[in-house]
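# A look at the structure
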Amino acid sequence: MISLPVVLAVAALLFGVGVYGVLGQTNTIMIIMGVELMLGAAMLNVVGFLRYSHPHATSGDFFVLVLMTLMALEGAVGFALVVSVFRSRRTSEADDLTELSG
Amino acid sequence: MSDLATAIVFWPAVGLMLAAAVFVFITSSMARAGLLLLASLAIEGLVFLALGSRFLGFLQLLMMSGEMVIMVFFMVMFMPDPGGLMGMDMTHDKRRSATVAVAVTAALGLVAVLTDWPARVVGRGAPDVRAIGFEVMGRSMISFLFAGMTILLAMVGGVLLAKHGGRFGLPAAGDEQSGEHSPPEERS
């Protein structure tokens, strides 16, 4: 049986990769991809805790469903904002977006 | 699933998931990055399966397949070089980003390894997250419905306000008033 600290450490690695993506990428869509990886790590944490604290219960899967919905929403709203910014600025590079107006 | 079968599925899946996640930010092609992210999150479904969550494992595979394919379309639409043939650099502050990422990973990893997690598993009869489910679906349902509607309104409002031209759209040609501050009936 895989122990809980191992699952949490794997999730920490995945979260770290997501953090690198969010901080190091210039394109807005790539930043969204980093956030997706961070949410994936959070899901892995929740599944790990559920399996090790309540291995016989399935009702806790509800929390992972909420996280999956959050991932889809984050993508939908993020893409809507990218479309909106691209219409006015003709770019999706985060480095070019230095002003709130215009 | 036996311990051996779990290990046979878990460790390769973890390796592939992390490798695909790293290559998302290494490759210069946005299309490849989207497909690698799809691979990473779909393989995470295999990790869920190895941990005994069959429902969540298959759901993860289905959800991520749909979502990531849509993401690849957006990348191809918005990137000047989606195929990565021009060798564009899409990164900045690589060293500082890597430093922060390593620090965050180390901190979380230390918490995971050094914390004294309880060894026993909660018994079948003990109160569990099922109680939270009954609370959510019972007397607190109105509160959660209200919170959900508020979040939905915030998302719709945020996207509308971020639209080019604001809430009322762009002003008509020859119109002196800005479309941002006047509703359509006042502009005519």
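All values derive from a computational prediction rather than experimental measurement.

## Here we look at the overall build of chain B
Regarding its fold elements, chain B presents 7 helices and 0 strands. Taking all 188 residues of chain B together, the buried fraction comes to 34%. Across chain B, contacts joining residues at least 24 apart in sequence account for 41% of those joining residues at least 6 apart. Just so you have it, chain B exposes about 11700 Å², and 71% of that area is on carbon and sulfur atoms.

## Digging into the interface of chain B and chain A
Counting residues at the interface gives 65 residues for chain B and 65 residues for chain A. The contact between chain B and chain A buries some 5900 Å² in all, and 79% of this surface belongs to carbon and sulfur atoms. Contact with chain A buries surface across chain B, with Phe 25, Leu 51 and Phe 78 of chain B losing the most and accounting together for 13% of the total. Summed over the shared surface of chain B and chain A, the number is 7 residue pairs in polar contact (both at pLDDT 80 or more). Those elements giving two or more residues to the side of chain B that touches chain A turn out to be helix 1 (3-24), helix 2 (30-50), helix 3 (54-78), helix 4 (94-114), helix 5 (129-137) and helix 6 (141-162) of chain B. With 12 residues, helix 3 of chain B is the single largest residue contributor to the side of chain B that touches chain A. Counted by class, the side of chain B that touches chain A contains 44 nonpolar, 13 polar and 8 charged residues.

## Some thoughts on helix 2 (residues 28-53) of chain A
With 26 residues, helix 2 of chain A should reach 38 Å at 1.5 Å per residue; the first-to-last C-alpha distance of 38 Å fits that figure. Sitting at the amino-terminal end of helix 2 of chain A is Asn 27 of chain A, which places a side-chain oxygen 3.0 Å from the backbone nitrogen of Ile 29 of chain A.

## A few points about the confidence of the model for chain B
Detailed conclusions should not be drawn from predicted coordinates in areas where pLDDT is low. When the pLDDT values of chain B are averaged, the result is 79; 74% of them are 70 or greater. Predicted as a complex, the structure gets a pTM of 0.79 and an ipTM equal to 0.90.

## Remarks on the packing of aromatic side chains
Taken as a whole, this structure holds 2 aromatic pairs over all chains when the rule is applied. Seen from their ring centres, Phe 49 of chain A and Trp 117 of chain B are 5.3 Å apart, and the 70 degrees between their planes marks the pair as edge-to-face. Taken together, the residues Phe 49 of chain A in helix 2 and Trp 117 of chain B in the loop between helix 4 and helix 5 connect one chain to another. Ring plane angle 85 degrees and centroid distance 5.1 Å describe the contact between Phe 10 of chain B and Trp 11 of chain B, whose orientation is recorded as edge-to-face.

## Description of the side chain of Glu 93 of chain A
Summarising the element assignment, Glu 93 of chain A is placed in the segment after helix 3 (61-89). A polar atom in the side chain of Glu 93 of chain A sits 3.2 Å from the side chain of Asn 27 of chain A.

## Overview of the pattern of salt bridges
Note that side chains of opposite charge can pair when their charged atoms are close. Residues and elements named next belong to chain B. Under the counting rule described, the total for this entry stands at 1 salt bridge over all chains. Here Arg 96 and Asp 93 are joined by a salt bridge, their closest N and O atoms 3.1 Å apart. Look at Arg 96 and you get exposed, because its relative accessible area is 59%.

## Regarding the nonpolar core
One recurring pattern in soluble globular proteins is that nonpolar side chains are buried together. Counting residues in hydrophobic clusters, the biggest one holds 58 residues, and the most contacted among them are Leu 44 of chain A together with Phe 10 and Leu 51 of chain B. Put simply, the parts of the chain that give this core at least two residues each are helix 1 (4-24), helix 2 and helix 3 of chain A together with helix 1, helix 2, helix 3 and helix 4 of chain B. Ignoring anything within four residues of it in the chain, the contact list for Leu 51 of chain B reads Ile 2, Val 7, Leu 44, Val 47, Arg 51 and Tyr 52 of chain A together with Phe 10 of chain B.

Cut-off values and rules
- Residues numbered from 1 in each chain as written.
- Chains lettered and ligands numbered in written order.
- Predicted model: local features only at pLDDT ≥ 70, side-chain atom pairs only at ≥ 80, totals over all residues.
- Heavy atoms only, no water.
- Helix = DSSP H or I, 4+ residues; strand = E, 2+ residues; numbered from the N terminus.
- Buried < 20%, exposed > 50% of the residue type's maximum accessible area, 1.4 Å probe, protein only.
- Contact = heavy atoms within 4.5 Å.
- Areas by Shrake-Rupley, 256 points an atom, 1.4 Å probe, with all protein chains shown as cover.
- Buried area = accessible area lost by both parts, 1.4 Å probe.
- Polar contact = N/O pair within 3.5 Å; in protein donor to acceptor, adjacent residues only side chain to side chain.
- Nonpolar A, V, L, I, M, F, W, Y, C, P; charged D, E, K, R; others polar.
- Expected span 1.5 Å × (residues − 1).
- pLDDT = per-residue confidence, 0-100.
- Phe/Tyr/Trp six-rings, centres within 6.5 Å; stacked < 30°, edge-to-face > 60°.
- Salt bridge = Lys/Arg side-chain N within 4 Å of Asp/Glu carboxyl O.
- Core = buried A, V, L, I, M, F, W, Y, C linked by side-chain atoms within 4.5 Å.

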